[in-house]
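Coordinate analysis (summary)
Each chain, letter by letter, is given below.
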Amino acid sequence: MSDHDTLLAARTAALRESGWGEGFRFVQPRNLAFWVYLLLVGAGAVIWLRYASTEAAAYGEVLIVATVLFGLYGALFWWFTQRIDRYAHQSRKLIAIAFLWGAFAASWAMAANANSPILSLWGKAFGQAWSIDWGAGLTAPFTEELAKGFGVLLLIALAPRLVATAFDGFVLGAFIGLGFQILEDIQYALGSAGEQFGANAVDNAMSTILMRMALGVAAHILYSAVFCTGLVYFLGRPAEPRRRGRGLLLMGTAMLLHGLWDNIGGIAGSTGYLIPLLWVVVIGLAFFTVTRAFNLSVPRERSYMRAVMAPEEAAGTVTAEELDTLAGDRSVRKAYRKAARGHADRRRRDHLLEAAHDLADELARSGGRDDQRVRFARAELARLRAGAPR
Amino acid sequence: MANADAARPRDWVPVERRWLGLDRATIPPALVVLALAILMAVVVPAVDHAVPGGTRVRAGDEVALRGGISFVPATGWILTDGVLRGREPRAGAGSTATVTDGPVALTVRTAPFTGTPTALLEQIKDTTDALNGSHGLHITGDVQAVQTAGGQRGVIARYRGTSSDGAIAAFVVDGTGVEVVVTGPPDVPGDPSAAIAGMIASIAPEGGAG
């Protein structure tokens, strides 16, 4: 077998293992996970619509403002999360399915039903004061992280080849968390609209909206990304060896962070200045943890990118520097940009890199075969390299 | 065999892998998720419902609320929401408290409010009407003045709902609005009105209840 054949075989193996470029069909009547997904997302959506329509009668303006602002906020996070999924891209359809799970099923059909009764049980067992201080932090991390995380079990059953690595768990978990966060934020905004018996509804809601926007960066999106990375490690996938200890550690850390966040009021007590300090500490811990989870899980994705594009480097379609950058981390990308000579050259190099990404995606879609779109993607790279106009 | 596998469409489930037409491999994860949903939506609320709760009020107890408001609950009633003075959480008292006596419940809620008691009652009425529509509570009687033992002036009105009758009282104490909602079935055994009147009369700024 020649070197070229070896590279092509490695590309085929990487594509098969990662599921990169695989299509996803949502409607699967023979799949019980499909029916359970429909049932729970449908039930959650109906419950939320009934809630929102009731609230709209009293706080219609707040509902509109909160939906628009959190919609824009969510769009920003959507863009960012898609941006960090830069190697073996996840299916957009599956990402949308994950988002809807977090928005409707995990929150309204599952966790919301259990949170109040569990808080009430804490109160019955240890007293109301104890429940107010510590109940939320000992309830939501279990109900909400499990409800969100179990969505990944359904996604694995719906698309086993597309949820192949711990990084897939990271990306899908982040989108489940995003869906959960947006609808929870809207609910908090509506809740605060009634704080002064319904007077000054928009003003009250705006302070909650701004607070949730500022502090929400380290909330459900991060917890779920970490939890779901851990869940995939715990379960193991064909492309991701089972690592139960690592999986439990990540899931436990996500729950611990969630619990700390919810118990900040109880920890700080009447020492008001402690609250912002604790916010900073917990947000810092959350960012540290999510960065660790990302760095642990992303190398496998990078190796897939390298395997898919290595035959192109051997054939001279991309340079060794471009291949290293495609499959590299942030520092490599930074070095690639810094190596440019002037603005025009930097722009040209950025275009080359984006075109190389296009070629990788086309190769993944075609299963590594040279079809018309793959050949066109290669021709685009050649055109950009030659500096020819469109 | 390998050729047959290669030719099989992705969504094709071989007959020997089916159970009631479903892909057997998808059943365990789907049932695990469904079981968690049932646990959360059915089992946990049922357990909470089955476990008795609340604190029986003893003579001398005082309920603390956010905004430095307190009231003296009637002895023998059950405190189902809220905290007693001296047992406040580290994060401070909450904004609601409920005491019950059988089917009768008295709920007190506090929040910042700068208008008059009449304006507060009007605000409560508007919000309740908007949220509940025809299913909500409808004020039926005249609005009457009421005064607490400590001299706080407020207003009170009777209301009628689809399944309960009661009264709503409103006070404004040092920038804190106080809403009192009494609910109960139309025919209540015994007469709780003296106990209710006593609790409303006991509403006071911190330390002044009673």
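Cut-offs and rules
Residues numbered from 1 in each chain as written. Chains lettered and ligands numbered in written order. Predicted model: local features only at pLDDT ≥ 70, side-chain atom pairs only at ≥ 80, totals over all residues. Heavy atoms only, no water. Helix = DSSP H or I, 4+ residues; strand = E, 2+ residues; numbered from the N terminus. Buried < 20%, exposed > 50% of the residue type's maximum accessible area, 1.4 Å probe, protein only. Salt bridge = Lys/Arg side-chain N within 4 Å of Asp/Glu carboxyl O. Contact = heavy atoms within 4.5 Å. Buried area = accessible area lost by both parts, 1.4 Å probe. Polar contact = N/O pair within 3.5 Å; in protein donor to acceptor, adjacent residues only side chain to side chain. Domains from an automatic or database assignment. pLDDT = per-residue confidence, 0-100. Core = buried A, V, L, I, M, F, W, Y, C linked by side-chain atoms within 4.5 Å. 1 Å grid on protein atoms, 1.4 Å probe; cavity = no way out; pocket = protein on both sides within 12 Å on 5 of 7 lines; lining within 4 Å. Points joined across faces, edges and corners; volume = space filled by probe spheres on them. Nonpolar A, V, L, I, M, F, W, Y, C, P; charged D, E, K, R; others polar. Pairing = 2+ DSSP bridges. Expected span 1.5 Å × (residues − 1). Bend = angle between axes of the 7 residues up to and from the residue. Patch = residues over 30% accessible without salt bridge, like charges linked within 9 Å, V, L, I, M, F, W, Y side chains within 5 Å. Areas by Shrake-Rupley, 256 points an atom, 1.4 Å probe, with all protein chains shown as cover.

Helix and strand counts for chain A stand at 15 helices and zero strands. Overall size of chain A, expressed as C-alpha extent along the three principal axes, is 75 × 50 × 40 Å. Sorting the 390 residues of chain A into buried and exposed places 54% on the buried side.

Enumeration according to the criterion identifies 23 salt bridges over all chains in this entry. For Arg373(A), the salt bridge is made with Glu362(A), and the minimal N-O distance between the two is 3.0 Å. With Arg373(A) in helix α15 (residues 372–386) and Glu362(A) in helix α14 (residues 342–366), this pair connects stretches of sequence that are 11 residues apart. The class of Arg373(A) is exposed, set by a relative accessible area of 52%. Put simply, Arg17(B) and Asp23(B) hold a salt bridge, and the shortest N to O gap is 2.8 Å. In this structure Arg17(B) comes out as partly exposed when scored by relative accessible area, which is 34%. Residue class for Asp23(B) comes out buried when judged on its relative accessible area of 9%. If you follow the salt bridges from partner to partner, you end up with Arg11(A), Glu312(A), Asp370(A) and Arg378(A) in one network.

Another aspect to go through is the interface of chain A and chain B. Tallying the contact residues gives 52 residues for chain A and 49 residues for chain B. Between chain A and chain B, the buried area comes to about 3800 Å², and carbon and sulfur atoms account for 68% of it. The largest per-residue losses of area from chain A upon contact with chain B belong to Arg30(A), Leu32(A) and Phe197(A), which jointly make up 24% of the total buried on that side. Counting across the chain A and chain B interface gives one salt bridge. We note a salt bridge from Lys124(A) to Asp48(B), for which the minimum N-O separation is 2.8 Å. The interface formed by chain A and chain B includes 18 residue pairs in polar contact (both at pLDDT 80 or more). Of all elements in the fold, only α2 (32–84), α3 (92–126), α4 (128–135), α5 (140–158) and α10 (264–268) of chain A reach the threshold of two or more residues within the side of chain A that touches chain B.

Domain annotation of chain A identifies domain 1 (28–298) and domain 2 (316–386). Centre-to-centre separation of domain 1 of chain A and domain 2 of chain A, based on C-alpha positions: 36 Å.

Let's shift gears to the confidence of the model for chain B. All names here are of chain B. Averaged over every residue, the pLDDT of chain B is 87; the share at 70 or more is 91%. Here helix α1 (residues 2–7) is the element of chain B with the lowest mean pLDDT, 60, and helix α2 (residues 27–50) is the one with the highest, 97. Here the predicted complex scores 0.91 on pTM and 0.91 on ipTM.

Grouped together as the largest cluster of nonpolar side chains are 129 residues, with contacts concentrated most on Leu40(A), Phe70(A), Trp101(A), Met110(A), Leu155(A), Phe170(A) and Met309(A). With 19 residues, α2(A) is the single largest residue contributor to this core. Here this core gathers at least three residues from each of two domains, domain 1 (28–298) and domain 2 (316–386) of chain A. Beyond its immediate sequence surroundings of up to four residues, Met309(A) is in contact with Val318(A), Leu323(A), Leu326(A), Ala356(A), Leu359(A), Ala360(A) and Leu363(A). Among the nonpolar cores identified, the runner-up in size contains 24 residues, and Val57(B), Val108(B), Val178(B) and Ile200(B) belong to it.

Our focus in this paragraph is empty space enclosed by the protein. Residue and element names in this part refer to chain A. Within this structure, the stated rule accounts for two cavities of 30 Å³ or more. Taken as a whole, the largest cavity holds about 50 Å³ of empty space. For the largest cavity, the full set of lining residues is Ser18, Gly19, Trp20, Ala88, His89, Gln90, Leu162, Asp168 and Glu301. For the lining of the largest cavity, the class distribution of residues is three nonpolar, four polar and two charged.

Before going further, it helps to examine the pairing of strand β12 (residues 153–160) of chain B. A regular strand places its side chains on the two faces of the sheet in alternate fashion. Residues and elements named next belong to chain B. Where strand β10 (residues 138–139) and β12 come together, two bridges link them in antiparallel fashion. Within β12, the residue paired with Ile139 across the bridge is Tyr159. Bridge count for strand β11 (residues 144–147) against β12 is four bridges, and the pairing is antiparallel. Bridged to Ala145 within β12 is Val155.

Three- or four-residue spacings in an α-helix give side chains the same orientation, since the helix completes a turn every 3.6 residues. The first and last C-alpha atoms of α2(A) sit only 32 Å apart over 53 residues, clearly below the 78 Å expected at 1.5 Å per residue. The sharpest bend along α2(A) reaches about 115 degrees and sits at Tyr59(A).

All names here are of chain B. A surface patch of nonpolar side chains, about 440 Å² in accessible area, is lined by Ile38, Leu39, Val42, Val43, Val47 and Val51. Relative to the helices and strands, Ile38 resides in helix α2. Classification of Ile38 by relative accessible area gives partly exposed; the value is 43%.

This part covers the layout of surface pockets. All names here are of chain A. Here the second largest pocket defines a volume of roughly 1600 Å³. Taken together, 48 residues make up the lining of the second largest pocket; nearest its centre are Gln82, Arg83, Ile84, Asp85 and Arg86. Contributions of two or more residues to the lining of the second largest pocket are made by α2, α3, α6 (166–193), α8 (220–235), α11 (274–314), α13 (330–338) and α14. Per-class residue counts for the lining of the second largest pocket are 21 nonpolar, 11 polar and 16 charged. Two domains each donate at least three residues to the lining of the second largest pocket, and these are domain 1 (28–298) and domain 2 (316–386).

Now for the sheet that holds strand β5 (residues 69–71) of chain B. All names here are of chain B. Reading across the sheet, the four strands line up as β7-β4-β5-β15 and stay open at both edges, with antiparallel pairing between neighbours. This sheet does not close on itself; its edge strands, each paired only once, are β7 (83–84) and β15 (204–205). Two elements, strand β4 (residues 63–65) and β5, share three bridges in a ladder whose sense is antiparallel. Residue pairing in the sheet places Leu65 in a bridge with Ile69 of β5.

In this section: α11(A). Residues and elements named next belong to chain A. Relative to the 60 Å expected for 41 residues at 1.5 Å per residue, α11 spans 58 Å between its end C-alpha atoms, a close match to the ideal helical length. In α11, a bend of some 35 degrees at Val298 exceeds every other bend along the element, and Pro299, a proline, comes one to four places later. Positive phi shows up at Gly316, right after α11, with a value of about 85 degrees.

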